[in-house]
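Structural description and commentary
Each chain is listed here by its residues.
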Amino acid sequence: MADKNNILDRYTAGARLNHWINAILMICLVLSGMALFHPSLFFLTDLFGGGTMARIVHPWIGVLAMLSFLGLFIRFWRFNLWTRDDSAWMRNVKHVVSGDEAKVPEAGKYNAGQKLVFWLMSILTILLLTSGLAMWDSQFGEYTTIDQKRLAVVVHAGAAVALLIVVITHIYAAIWIRGTIRGMTRGSVTGGWAWRHHRKWLREEVGKTK
Amino acid sequence: MSSLQSLDIRRRSATVTQSPSQREATEIAKLIDVSRCIGCKACQAACLEWNDLREEVGVNVGVYDNPHDLTENTWTLMRFTEIDVDGRFEWLIRKDGCMHCADPGCLKACPAPGAIVQYKNGIVDFISENCIGCGYCVKGCPFNIPRISKKDAKAYKCSLCSDRVAVGQAPACAKVCPTQAISFGTKKDMAAWADKRIADLKERGYKSAGLYDPPGVGGTHVMYVLKHADRPQIYAGLPKDPKISPLVEFWKGVTKPLALAGVGLAALIGFFHYVTHGPNEVQAEDEEAAAKARRTPAE
Ligand code: HEM
Ligand code: SF4
Ligand code: SF4
């Protein structure tokens, strides 16, 4: 929604809460999971009260995080459907990286990079959930064979690292593209931000106010 | 079991640097001569007794195996097989338990520093106070040995009586065996003794008698003399060529440091991009263009 001060609403309070709950849970998951990933990171278990505590809490945080991600998915999936313009955007992604967005098709609410992040997160989340349940021996140990558990740990560790790289990209993009973070903290962005990065979305929003 | 001061450590789980290993130690081994075992289970009882463990009273399902599988209390189990071998009925009895691999999959998989150690003498021991109960050792072991306790969520298995060995005693099972089917000594001596036993068995017509010391796990510190060493599987599923699963090797191999480097690189690339390109800031023109677009939405 537009207003006189050239500000646009981007996220409802509910969406913002959902996003930050998810972010906090994800950080806890990354820390407690990576603690077991490599000996040099085992010290991270101290953040959770020791190795055994990290082992116990990680999967439970995982279940909560999956539920909160489901909320985000239901809120945002419609805006992340891939279009022809997105493919063209992706082919010219080098211009975006060097800060020259004029050379790529105008983006709607989300650009192709953001959509890619969304879908990668969705797929990796499902992989993490299924493999995580298969290696959760204290709750579901008897439901999988040892060979399935072996596959599960490899999938889980691989998906976790992939997700971590996606998250780093996501966070960096938010820092680099100034004016983005306020969208998720205050819920609104400036018209200039929308014009610069999501012009098609701006036009759609303006169209709605008519 | 806790770390034994009198035994130096060759390897320690989830530990990159070297553990105390100044002192020299002779590699030891336990030799189980299956051909001499009468299935009396004295070793099983001695194990419970020495380690102060109690097994639940179970149910009989028509086989001699009691309990039906290894548990967090039963670290060694007699497994009985009735089978026709080359047209002759045989009753095979194998004392199952940790093999004390030279290349232990449990230790490789364990994420908790010092929860599993391999002493210089070859014993692989679980240091339960450091165990976090994740069950990774179960996935790492090619012999399906470790069991997670329902009482304290720690992993348990045969310690090869490391506490006895540390003070110069033989394991309780070896001590108690009435037929001396279990012997204990240096690995070299045990291999030499096995050779004698195998020669004897061959003389008696067991042409494929041999020693089970599987090279796929670097050899083991619990070895078997088998009458049918060409077919170890007939002894209640003793694996023919045990190896750490390739999935576990992949999961715990170079992929880990590479993955960490990948994560670090992603962060570094982001930082360098910022340093070279600076922030992508909204310009005054953008705001003006937006304001204009919003005044004349028909455009
Ligand atoms: C429903 C979701 C999840 C469940 C049920 C789950 C479950 C588990 C379990 C059972 C373990 C073994 C250690 C333990 O018992 O705590 C584990 C390890 C791990 N988890 Fe998760 N997890 C989930 C989500 C995630 C997410 C979202 C991440 C990271 C982004 C993650 C990262 C890791 C890592 C890095 C490890 C260590 C893997 C290794 O040892 O190589 N997990 N997880
Ligand atoms: S359960 Fe096994 S792998 Fe996990 S910490 Fe204990 S000994 Fe190590
Ligand atoms: S048999 Fe299994 S538990 Fe025993 S040392 Fe080998 S890998 Fe570890």
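Residues numbered from 1 in each chain as written. Chains lettered and ligands numbered in written order. Predicted model: local features only at pLDDT ≥ 70, side-chain atom pairs only at ≥ 80, totals over all residues. Heavy atoms only, no water.

**Considering the site of ligand 1**
Taken together, 24 residues form the shell around ligand 1, and within it A:Arg55, A:His58, A:His156, B:Tyr136 and B:Lys256 come nearest. More than one chain lines the surroundings of ligand 1; the residues nearby belong to chains A and B. Measuring from an oxygen atom of ligand 1, one finds a side-chain N or O atom of B:Tyr136 at 2.9 Å. Separating an oxygen atom of ligand 1 from a side-chain N or O atom of B:Trp251 is a distance of 3.0 Å. Mapped by element, the contributors of at least two residues to the shell around ligand 1 are α1 (13-37), α2 (51-76), α5 (112-134) and α7 (146-176) of chain A. Of the residues that constitute the shell around ligand 1, the class distribution is 17 nonpolar, five polar and two charged. (Near = heavy atom within 4 Å. Polar contact = N/O pair within 3.5 Å; in protein donor to acceptor, adjacent residues only side chain to side chain. Helix = DSSP H or I, 4+ residues; strand = E, 2+ residues; numbered from the N terminus. Nonpolar A, V, L, I, M, F, W, Y, C, P; charged D, E, K, R; others polar.)

**Side note on the confidence of the model for chain B**
Counting all residues, the mean pLDDT for chain B is 95, and 97% of those residues have values of 70 or more. Overall fold confidence (pTM) sits at 0.93, and the ipTM for the predicted complex is 0.92. (pLDDT = per-residue confidence, 0-100.)

**Re the packing of aromatic side chains**
Enumeration over the complete set of coordinates arrives at 17 aromatic pairs over all chains. On the basis of an interplanar angle of 85° and a centroid distance of 5.5 Å, the ring pair of A:Trp136 and A:Phe140 is categorised as edge-to-face. What makes A:Trp136 buried here is its relative accessible area of 7%. Judged by relative accessible area, which is 33%, A:Phe140 ranks as partly exposed. On the numbers, 4.9 Å between centres and 70° between planes, the contact of B:Tyr136 with B:Trp251 is edge-to-face. Taken together, the residues span a long stretch of sequence, with B:Tyr136 in helix α3 (residues 136-140) and B:Trp251 in helix α7 (residues 246-252) at a distance of 115 residues. Seen from the ring of A:Trp201, A:Arg10 lies directly overhead, with NZ or CZ sitting 4.8 Å from the centre. Above the face of the B:Phe126 ring, B:Lys157 is positioned so that its terminal group lies 5.1 Å from the ring centre. (Phe/Tyr/Trp six-rings, centres within 6.5 Å; stacked < 30°, edge-to-face > 60°. Buried < 20%, exposed > 50% of the residue type's maximum accessible area, 1.4 Å probe, protein only. Lys NZ or Arg CZ within 6 Å of the ring centre and 35° of its normal.)

**Thoughts on the environment of A:Val57**
All names here are of chain A. Within the secondary structure, Val57 sits in helix α2. A relative accessible area of 23% places Val57 in the partly exposed class. When the C-alpha atoms of Val57 and Cys28 are compared, they prove to be 9.5 Å apart, with 29 residues separating the residues in sequence.

**Here's the deal with the sheet that holds strand β6 (residues 124-126) of chain B**
All names here are of chain B. If you walk across this open sheet you meet the three strands as β1-β5-β6, and the pairing is antiparallel. Both edges of this open sheet fall to β1 (9-12) and β6, since each of them pairs with a single strand only. Neighbour-to-neighbour, the strand axes of this sheet turn through a mean angle of 25°, independent of strand direction. When strand β5 (residues 116-119) meets β6, the two strands line up antiparallel, connected through three bridges. Bridge pairing in β6 links Val117 to Asp125. (Pairing = 2+ DSSP bridges. Axes fitted to C-alpha atoms, helices over the stretch in contact; angles between N-to-C directions.)

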